[in-house]
Amino acid sequence: MGIDVVATAKQFEKHAEGGSLPENLARELQNLSADDRLAVAKQIAWDMKQHPNADLPKLEFYDSGELKSVEKTMKSGNGEFTDHYELDQKGRTRMEVKSSNIKESYETSTGVEITERDEKGNVIRNFDQTVRVGNSGDIRVSYDSDTYTYDKTTGKRVSHDEKTSWGERHIDFDPKTGHETQADESNSKGTVHKTYDSSTGKIRQEDFYNNDNTRETVKYNSNGDKVYSEKRHGANGEKGMRVWNYSPSTGKPTYTEWHDPNGTVEAHNIDAQGKYTTVQK
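What comes next concerns the included structure. (Residues numbered from 1 in each chain as written. Predicted model: local features only at pLDDT ≥ 70, side-chain atom pairs only at ≥ 80, totals over all residues. Heavy atoms only, no water.)

1. As for the overall build of the protein chain
1) Next: Summing up its helical and strand segments, the protein chain has 3 helices and 18 strands in all.
2) Next: Taken against the 2.2 N^0.38 rule, which gives 19 Å for 281 residues, the C-alpha radius of gyration of the protein chain at 29 Å runs more than 25% over that of a compact globule.
3) Next: When the backbone C-alpha atoms are referred to their principal axes, the protein chain occupies close to 95 × 55 × 35 Å.
4) Next: In the protein chain, buried positions account for 31% of the 281 residues.
5) Next: Long-range pairs, those at least 24 residues apart, make up 18% of the contacts in the protein chain between residues at least 6 apart in sequence. (Helix = DSSP H or I, 4+ residues; strand = E, 2+ residues; numbered from the N terminus. Rg over C-alpha atoms; globule rule 2.2 N^0.38 Å. Buried < 20%, exposed > 50% of the residue type's maximum accessible area, 1.4 Å probe, protein only. Contact = heavy atoms within 4.5 Å.)

The structure is reproduced here in structure tokens:
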């Protein structure tokens, strides 16, 4: 004896209204036979068309009856929020789109966040943007766009690219350990190259190339503690250079030198209280 299609469809709709996760809803249909699944999907589509229900998310189905998408719109306070999910025919969420529209007394803001996943559930793209329009007409846009790639053998992340309102960065990962190996970042101040110990993921060195024509190098020990830094004024330090040594246990400076362009060097020891003592060179 077959299932009661109408009753099964109503039960599914009740679960959808109650906020069941899209993948759980997809599993309900997958647990049915192919013929029953298609019949239930058609019944749900008929119900949505003939008896509109504001509490029921908008549901779409594949031609074979599997759940294809779920979209729910909600209102709260001064805002309207929409959550949209797209699934593959195996019931796995491949894309999530969350949008908002909020009206305040002083501004209106609209936002969207998009997350894409591969067949293994790994996030391969995330995009987040907010646009704010003030009552005076001023517009502010902030965004963050991330893409990720993964090693086909280990499944671990191998790269991450990010573009944001403030700048960009690229990170490489060791496909065996999953730890960072190197990164490049750029923003309004300049660029920086970072290197890491791939076995631990701890940072080892940072090289800054600043737009004010200064260069900086920061070094770390194997534990990731800062132990040395230098700042060179001019492309090659021809306008002077400041050197610092740091205590790996406290992070505080213990020694510094200023290399003047005329060749003289001023050196100071620094105690735990921050007191400088001149070192004769």
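From this point, the narrative continues.
2. Notes on helix α2 (residues 22-30)
1) Next: When α2 is considered as a whole, its buried residues turn out to be P22, L25, A26 and L29. Along the axis of α2, the buried positions cluster into a sector of 100°, meaning they face one direction only.
2) Next: On its buried face, α2 is in contact with α1 (5-17), α3 (34-50), β1 (58-61), β2 (67-76) and β3 (79-87). (Arc of directions from axis to C-beta.)

3. Description of the nonpolar core
Considering soluble globular proteins, one finds that nonpolar side chains tend to be buried as a cluster.
1) Next: Counting residues in hydrophobic clusters, the biggest one holds 16 residues, and the most contacted among them are F12, L29, I44, L59, F61 and L67.
2) Next: Listing elements by their share of this core, those giving two or more residues are α1, α2, α3, β1 and β2.
3) Next: Residue contacts for L67: discarding those within four places in its chain leaves F12, P22, L25, A26, L29, L59, E60, F61, Y62, L87 and D88.
4) Next: Within the second largest apolar cluster, 7 residues are counted, among which are I171, F173, Y196 and Y220. (Core = buried A, V, L, I, M, F, W, Y, C linked by side-chain atoms within 4.5 Å.)

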